[in-house]
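Analysis of the macromolecular model
Here are the chains, one letter per residue:
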Amino acid sequence: TQQHDHSMVMLLSDIQKHFTEEIISGADQGSRNHNEPFNAIFKTGDIPFNKRIGVYQNNLVQSLSKVIRQSFPLVEKLTGEEFSRQMATLFVRSHIPADGHINHYGEEYPEFIENFVPAQTLPYLPDIARLEWAINEAAYAKDDNALDPATLSSELNRRNHDDDTADLYIRGTG
């Protein structure tokens, strides 16, 4: 029989956890993983671990930067593609998503822009970003229940039976 070194065995769930942590935590700082069993998985070949994981880190940053730029198209139009790309990349490096729903990513971008020194020559830019985020939220918001015309008619008749005008008030959700 062959002897196995069980100190180097990892569960798949542990490998996935370490891999995710390495990509996210290292997206702006390089590798921090000192878990020997995990690192041993990547020791084959002559490409160092930091370079291998760097490919995934770069893909994460580039993908999330694209999401930000697509969520804030007017910001990009006002600043230019290159400035927008660099600003989005810096944002992504300091704001990794906490939610798996990518359409919820970017809420902090207007505040980031407000504190981003190179963008301070455009004092209206954070407000434009806030407007774009509000549009994004509305686009991905859960639909409210449809208004039943019979219920509306009945309610208006009940409230205004002595008056020939009806008032309709729309209440906000926030």
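Read on for a plain summary of the structure. These figures come from a predicted structure and were not determined experimentally.

Remarks on a negative patch on the surface
Judged by side-chain charge, Glu 107, Glu 108, Glu 111 and Glu 137 come together as a negatively charged surface patch. Along the polypeptide, Glu 107 turns up in the loop between helix 5 (81-94) and helix 6 (109-115).

What about the side chain of Ser 84?
Among the structural elements, Ser 84 can be located in helix 5. Accessibility expressed as a relative area gives 2% for Ser 84, which makes it buried. Residues contacting Ser 84, with those up to four places away along its chain left out, are Arg 69, Glu 76, Thr 79 and Tyr 109.

A word on the nonpolar core
Counting 21 residues, the largest nonpolar core has Ile 68, Val 75, Met 87, Tyr 109 and Ile 113 as the members making the most contacts within it. At the level of elements, helix 3 (49-71), helix 5, helix 6 and helix 7 (125-140) are the ones that each hand at least two residues to this core. Setting aside its immediate chain neighbours within four residues, Ile 68 contacts Ala 88, Phe 91, Val 92, Tyr 105, Gly 106 and Tyr 109.

Examining the packing of aromatic side chains
Inspection of every chain in the model, using the stated rule, returns nine aromatic pairs. With centroids separated by 4.8 Å and ring planes inclined at 55°, the aromatic side chains of Phe 72 and Tyr 109 adopt a geometry described as tilted. In this pair, Phe 72 is assigned in the loop between helix 3 and helix 4 (73-79) and Tyr 109 in helix 6, connecting sequence segments 37 residues apart. By the burial criterion, Phe 72 is buried, and Tyr 109 matches it. Centre to centre, the rings of Phe 112 and Phe 116 are 5.5 Å apart; their planes meet at 20°, and the pair counts as stacked. Given the relative accessible area of 16%, Phe 112 is considered buried. Ring-pair connections join several aromatic residues into one group, and the members of that group are Phe 72, Phe 83, Phe 91, Tyr 105, Tyr 109, Phe 112, Phe 116 and Trp 133.

Section: the packing of helix 3 against helix 5
It is at 8 Å that the axes of helix 3 and helix 5 come closest, and there the two elements cross at 120°. In terms of orientation, helix 3 lies oblique with respect to helix 5. Considering the relative orientation of helix 3 and helix 5, their crossing is right-handed. Contacts between helix 3 and helix 5 involve Val 61, Leu 64, Ser 65, Ile 68 and Arg 69 from the first element and Glu 81, Ser 84, Arg 85, Ala 88, Thr 89, Phe 91, Val 92 and Arg 93 from the second. Partitioned by chemical class, the residues of the contact of helix 3 with helix 5 number six nonpolar, three polar and four charged.

Calculation criteria
- Residues numbered from 1 in each chain as written.
- Predicted model: local features only at pLDDT ≥ 70, side-chain atom pairs only at ≥ 80, totals over all residues.
- Heavy atoms only, no water.
- Patch = residues over 30% accessible without salt bridge, like charges linked within 9 Å, V, L, I, M, F, W, Y side chains within 5 Å.
- Areas by Shrake-Rupley, 256 points an atom, 1.4 Å probe, with all protein chains shown as cover.
- Salt bridge = Lys/Arg side-chain N within 4 Å of Asp/Glu carboxyl O.
- Lys, Arg positive; Asp, Glu negative; His and termini not counted.
- Charge placed at Lys NZ, Arg CZ, Asp CG, Glu CD.
- Helix = DSSP H or I, 4+ residues; strand = E, 2+ residues; numbered from the N terminus.
- Buried < 20%, exposed > 50% of the residue type's maximum accessible area, 1.4 Å probe, protein only.
- Contact = heavy atoms within 4.5 Å.
- Core = buried A, V, L, I, M, F, W, Y, C linked by side-chain atoms within 4.5 Å.
- Phe/Tyr/Trp six-rings, centres within 6.5 Å; stacked < 30°, edge-to-face > 60°.
- Axes fitted to C-alpha atoms, helices over the stretch in contact; angles between N-to-C directions.
- Parallel < 35°, antiparallel > 145°, perpendicular 65-115°, else oblique.
- Left-handed = near helix turned anticlockwise from the far one by under 90°.
- Nonpolar A, V, L, I, M, F, W, Y, C, P; charged D, E, K, R; others polar.

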